[in-house]
Number of protein chains: 2
Amino acid sequence: MRKPTIGIATVAAEAGVGVGTVSRVLNGSNQVNEATRIRVLSTIERLDYRPLRSASSLSKGRTDAVGILVSVITRPSVMARLVGVIDVLSDAGLDAVVFNVENRAQFERHLSSIIDQRRVDGIISISLRIPEERVTRIRKLGIPLVLVDNSLPNFPCVYIDDVAGGNMATKHLLSLGHRRVGFIGDNEHTALGKSSSEDRYVGYLMALEAAGIEPDFDLVARGPHTSEAAAALTSAQFELGQHRPTAIFASSDTLAVGVIKAAQHHGLKIPDDCAVIGFDNLDISSILDISTVNQPLLESGIKGASKMVSLLNGEIAKPHREELPLDVVPRGSSLGIQRNNSTKLYGVVEGPIGLQILQRGEELVS
Amino acid sequence: MRKPTIGIATVAAEAGVGVGTVSRVLNGSNQVNEATRIRVLSTIERLDYRPLRSASSLSKGRTDAVGILVSVITRPSVMARLVGVIDVLSDAGLDAVVFNVENRAQFERHLSSIIDQRRVDGIISISLRIPEERVTRIRKLGIPLVLVDNSLPNFPCVYIDDVAGGNMATKHLLSLGHRRVGFIGDNEHTALGKSSSEDRYVGYLMALEAAGIEPDFDLVARGPHTSEAAAALTSAQFELGQHRPTAIFASSDTLAVGVIKAAQHHGLKIPDDCAVIGFDNLDISSILDISTVNQPLLESGIKGASKMVSLLNGEIAKPHREELPLDVVPRGSSLGIQRNNSTKLYGVVEGPIGLQILQRGEELVS
DNA sequence: GCATGCCATGGAACCGGTTCCGAAATGGGA
DNA sequence: TCCCATTTCGGAACCGGTTCCATGGCATGC
C-alpha cells in the first residue's frame, strides 16, 4: 500500500453505503436513517477518517474563511477591534485569516493576494482606507466587504464620527475654562489612507470656532503615533512661555501619555497647569487617570463581523451603516482634585499627577 | 449563459494551449516557451481570470495555511508574539488563521476543528499547553506543531526559562538588601494548562533559599491576571503591619501595576517603602518606570514561525528547541532616586512614584 | 540521412468532497 | 391488492486546479 489515504469513498465502502450517504451524515442532513447514520459514524470513528477542508471548499464553492486586513495590529485600539472580529467569526464557524498591514506596499500585496487568489469568502478591513481602484474591483467582483472604523459608500460599515469626537473632547476642555487649547495629532495613518487624527482635528477647530476662539497654529502639531513623539511636540509648545497652551487635546491616548510626560518634564502640574484629554479609552488611560473620549472598540469588531456573517448567509447586513456612540470620560488629567467621589487619599495628598494617577481609588476588592 | 465561471480550461481554450501549459505558467515553471507564456498571461489578463485557492489546495494536497492558537489574545505579551508569527508567515506566503482561546471549552473546540478538519498545514501554539491526548494525536497524525512560549518533547519550540526568570527578579530585589520579599502571581493561566506564573514562583523560592531566607507564605498570593486583582492581594499584604513585605515580585508587569496602585493606596512610597519588579517588559512598564524582566516577545513569534516555515518546506527546524535569553531591566520602581543618570527634575522633586514615573527623562527628541 | 535527446506541450487522470437525479423501499389509503 | 407519496439511498457528474506521461518538433552528432 502506498496511499493509505482515507477518503469518503473508503468510509462508504467500509460502511456498506454510498458516498452520498456519508456526505449527508457529515453535513448533518436529516435525510438519513438513524441506524445508517450510526453505522457510518462508527465507521468514521473506526477508520479515524478526517474530511479534507479544501475538497469540501472546492465543491461547495466557498472557503468558509474571511480575510481580515488590520492596520498596524500592535496599536491597542486596533487590537481590541480585532478580538471582537475573531470571536464572532469563530462562533460562526468561519476561519479568521489575518493580514497585518504596516505599510503601503504590504497593503497592496495583501489586497492582491486576497482578491486575486480567491482564498477567502469576504474581507473585513479594520481602520484602513482601501484605495479607490481596489474598491472598484471588489465591487465589480462582488466580494463581500465590511469596513470597521471606516466608511465607504454602499458597503456595510461600523464607524464613529471622529469629527464629533474631536469636537466633544475640545468642548470638554473649553467648558473647564481653557482658552488656549493645543492639539497633538499623528500623521502616520495618512500613509495608509485613514486619518482619524485629521478628522478629530477638524472637530477641534469647530469647537474653537463655536467658542469664538481664533485658532493658534503654534498650538497644533503632528508626528508619529508614539508617546515619545508626542512628548517632543508638546515640549515645543510648552516652551512658548506665556503663549503656551493651558490644555491639550491629544488625538489618541497613546499621544496623551506623551503629553503628560512632557508636562512633567517642564514641571507643569496636571491638570492645574495644563489639562489633558486623549481619545480611545485604552487601558492605559484608565491606569494613568487620563480623561478621554470613549469609543466602543470591541463592539465595533463584533458588529462588523456580524455583518459579514449575515452577508455570507446571503442576508443583508441589518443596520447597513452603523455609527457607534462616543462619550467623554472625564478623569483626573482634566478635572483634577476638585473632582468629587475621591477616596480619602485623594483630597489629602497635594502633588503632581503621577500620584493622583495611581491613587485614584478603584475600590480594591478584597 | 448561466455560468460565466472562468476556469483554467477557459483560459487554455482562449489562448489556444492546453490546461497543463496554463497551470505551468501560473506556477512559474520554466518549462514554458517565452512566447507562449506571454500569450497565456495576456489571455489571463483579458479574461480577468483568478485561480481558485481551494482547487489548487486540493490537488496540491496542502492548504498553505497555518493555524495559530493563542491564549487570551488581548494580553499584550501574547499580542507581541502573535505579530511576530503573522509577519513571518505572511512573508512566506502562508495564511495565518488565528484562533483565540479564552477558556478550556473553546480550546478543545478549536483543537478539534483544526485537527479533524484538516484546514491547515501546521499549528503554532502560543502560550498554551496542549492537553496530553491531543499531543498524542497530533504526533500520530504527523501534523507539524511548533510551540511558542512553551515546550513539549520532540516538537520544535521557543521558550524561556521562567524559573530562572523568577530567580533573577527575586535576586535583584534581594541584592538591594530586601529580606521580606513578597510574590504576587496569577492563577488564570492554569485554566489553560500553562503557568508561567508558577514557574516564576519556583524561581522566587529558589532565590530565597539561596539567600538563606525562610519563605513567608503570608507574602505569597495569587489571583486573576488583572491589575485590580493584584492590587487587592497586595493590599492585604500591606496590612500585615511590621510583617509587610518591603519588596514585591509580581509575576507580570500587569500585576506590578496593581502592586503599585496598592502601595500608593497605603501611602507607601516606591521604591523606598516597597520596591517592585514585574516581568515581560511591556510598554506599560517602561511608561510607569517599573523594573522588570525582559523577554524577547516579538522575537519568540518570529523564531517560532520560522521553524514552522522550515517544517513545511520539509526541512528540519534549525535549532529544534530554542531558549531565549532573559535580563533584568532595573528601573525606578526598585532602584529609585539613588539611581544615576537622572534628569534634573529627578533629584529635585521629592514625591511618590507616580511623579518619578512620568518624569524619568527619556530624552525628548525635538 | 538517421539515431539521440531535449524542450515545449496537450490532455487524461486525479485530488476528495457535494449534489442531484433516479430508484428502491416503506407505508398508508382506497 | 394496487397506487401513490414519502423516506432513504446509490452513484455519476462535477468543482477547478496539478501532475505525469506521451507526443511532436527540432537541433545535434555521427
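Please read all numbers here as calculations on a predicted model, not as lab measurements.

Enquirer: Can you lay out the nonpolar core for me, pointing to particular residues and giving the numbers?
Expert: Counting residues in each nonpolar core, the largest one holds 50 residues, and the members touching the most others are Leu288(A) and Leu288(B). Counting only elements with at least two residues in this core, the list comes to α10 (227-238), β8 (247-250), α11 (253-265) and α12 (283-287) of chain A together with α10 (227-238), β8 (247-250), α11 (253-265) and α12 (283-287) of chain B. By size, the runner-up hydrophobic cluster in this structure holds 46 residues, among which are Leu69(A), Phe107(A), Leu111(A) and Leu192(B).

Enquirer: Outline the relation of the copies chain B and chain A, listing residues and values.
Expert: Superposition record for chain B on chain A: RMSD 0.1 Å, screw rotation 180°, translation along axis 0.1 Å. Those values place the two copies in the arrangement expected of a two-fold rotation axis. Counting the interface residues of chain B, we find that 100% of their copies in chain A are interface residues as well, pointing to one common contact surface.

Enquirer: How would you sum up the sheet that holds strand β9 (residues 275-277) of chain B? Please name residues and give values.
Expert: All names here are of chain B. Overall, parallel pairing links the 4 strands, which are arranged β7-β6-β8-β9 in an open sheet. The open sheet has two edge strands, β7 (220-223) and β9, and neither has a second partner. Ignoring which end each strand starts from, the neighbouring axes of this sheet average 20° apart. As judged from the 4 bridges shared by strand β6 (residues 181-186) and β8, these two strands associate in the parallel manner. The partner of Phe 183 across the bridge, within β8, is Phe 249. Sheet contacts for helix α8 (residues 162-175): β6, β8 and β9; angle to β8, the most-contacted strand, approximately 165°.

Enquirer: Break down the sheet that holds strand β7 (residues 220-223) of chain A for me, with residues and values.
Expert: All names here are of chain A. An order of β7-β6-β8-β9 is seen for the 4 strands of this open sheet, with the pairing classed as parallel. With one partner strand each, in any of the chains shown, β7 and β9 (275-277) form the two edges of the open sheet. Taking the axes of each pair of neighbouring strands and ignoring which way they run, one obtains an average angle of 20° across the sheet. Relative to β7, strand β6 (residues 181-186) runs parallel, the two being bridged by 4 bridges. By the bridge assignment for β7, Asp 186 is matched with Gly 223.

Enquirer: Can you break down helix α5 (residues 76-91) of chain B residue by residue, with the values?
Expert: Over its 16 residues, α5(B) extends 23 Å from the first C-alpha to the last, a length consistent with the 22 Å expected when each residue adds 1.5 Å. Following α5(B) by one or two positions, Gly93(B) adopts a phi angle in the positive range, close to 75°.

Enquirer: Go over the protein's contact with DNA strand C with me, naming the residues and quoting the values.
Expert: The environment of DNA strand C is formed by 32 residues, the closest being Ile8(A), Ser23(A), Gly18(B), Thr21(B) and Thr36(B). For DNA strand C, the fraction of atoms within 4 Å of the protein that belong to sugar or phosphate moieties is 63%. Separating a phosphate oxygen of DNA strand C from a side-chain N or O atom of Ser23(A) is a distance of 2.8 Å. Note that a phosphate oxygen of DNA strand C is positioned 2.6 Å from one of the side-chain N or O atoms of Thr21(B). Examining the composition of the surface near DNA strand C, we find that 5 residues originate from one element, helix α4 (residues 53-60) of chain A, more than from any other. The residue makeup of the surface near DNA strand C, split by class, is 10 nonpolar, 16 polar and 6 charged.

Enquirer: Describe the protein's contact with DNA strand D, listing the residues and the values that go with them.
Expert: DNA strand D sits among 32 residues. The nearest are Gly18(A), Thr21(A), Thr36(A), Ile8(B) and Ser23(B). Sugar and phosphate atoms constitute 59% of the interface atoms of DNA strand D, taking the interface as everything within 4 Å of the protein. Contacts to DNA strand D include Arg24(B), whose side-chain N or O atom sits 3.3 Å from a base nitrogen. At a separation of 2.9 Å, a sugar or linking oxygen of DNA strand D approaches a polar side-chain atom of Tyr49(B). Residue assignment for the surface near DNA strand D shows that the elements contributing at least two residues are α2 (19-26) and α4 of chain A together with α2 (19-26) and α4 (53-60) of chain B. Looking at the surface near DNA strand D, the element that brings in the most residues is α4(B), giving 5 residues. Its residues assigned to classes, the surface near DNA strand D comprises 10 nonpolar, 16 polar and 6 charged.

Enquirer: Give me unusual backbone geometry: which residues, what numbers.
Expert: Cis geometry is adopted by the peptide bond preceding Pro271(A), which originates at Ile270(A) and carries an omega value of 5°. Mapped onto the fold, Pro271(A) is located in the loop between α11 and β9. Of note, Asp149(B) is a non-glycine position whose phi angle comes to about 60°, a positive value. Within the secondary structure, Asp149(B) is located in the loop between β4 (145-148) and β5 (157-159).

Cut-offs applied
Residues numbered from 1 in each chain as written. Chains lettered and ligands numbered in written order. Predicted model: local features only at pLDDT ≥ 70, side-chain atom pairs only at ≥ 80, totals over all residues. Heavy atoms only, no water. Core = buried A, V, L, I, M, F, W, Y, C linked by side-chain atoms within 4.5 Å. Buried < 20%, exposed > 50% of the residue type's maximum accessible area, 1.4 Å probe, protein only. Helix = DSSP H or I, 4+ residues; strand = E, 2+ residues; numbered from the N terminus. Least-squares fit on C-alpha atoms with pLDDT ≥ 70 in both. Contact = heavy atoms within 4.5 Å. Pairing = 2+ DSSP bridges. Axes fitted to C-alpha atoms, helices over the stretch in contact; angles between N-to-C directions. Expected span 1.5 Å × (residues − 1). Near = heavy atom within 4 Å. Polar contact = N/O pair within 3.5 Å; in protein donor to acceptor, adjacent residues only side chain to side chain. Nonpolar A, V, L, I, M, F, W, Y, C, P; charged D, E, K, R; others polar.

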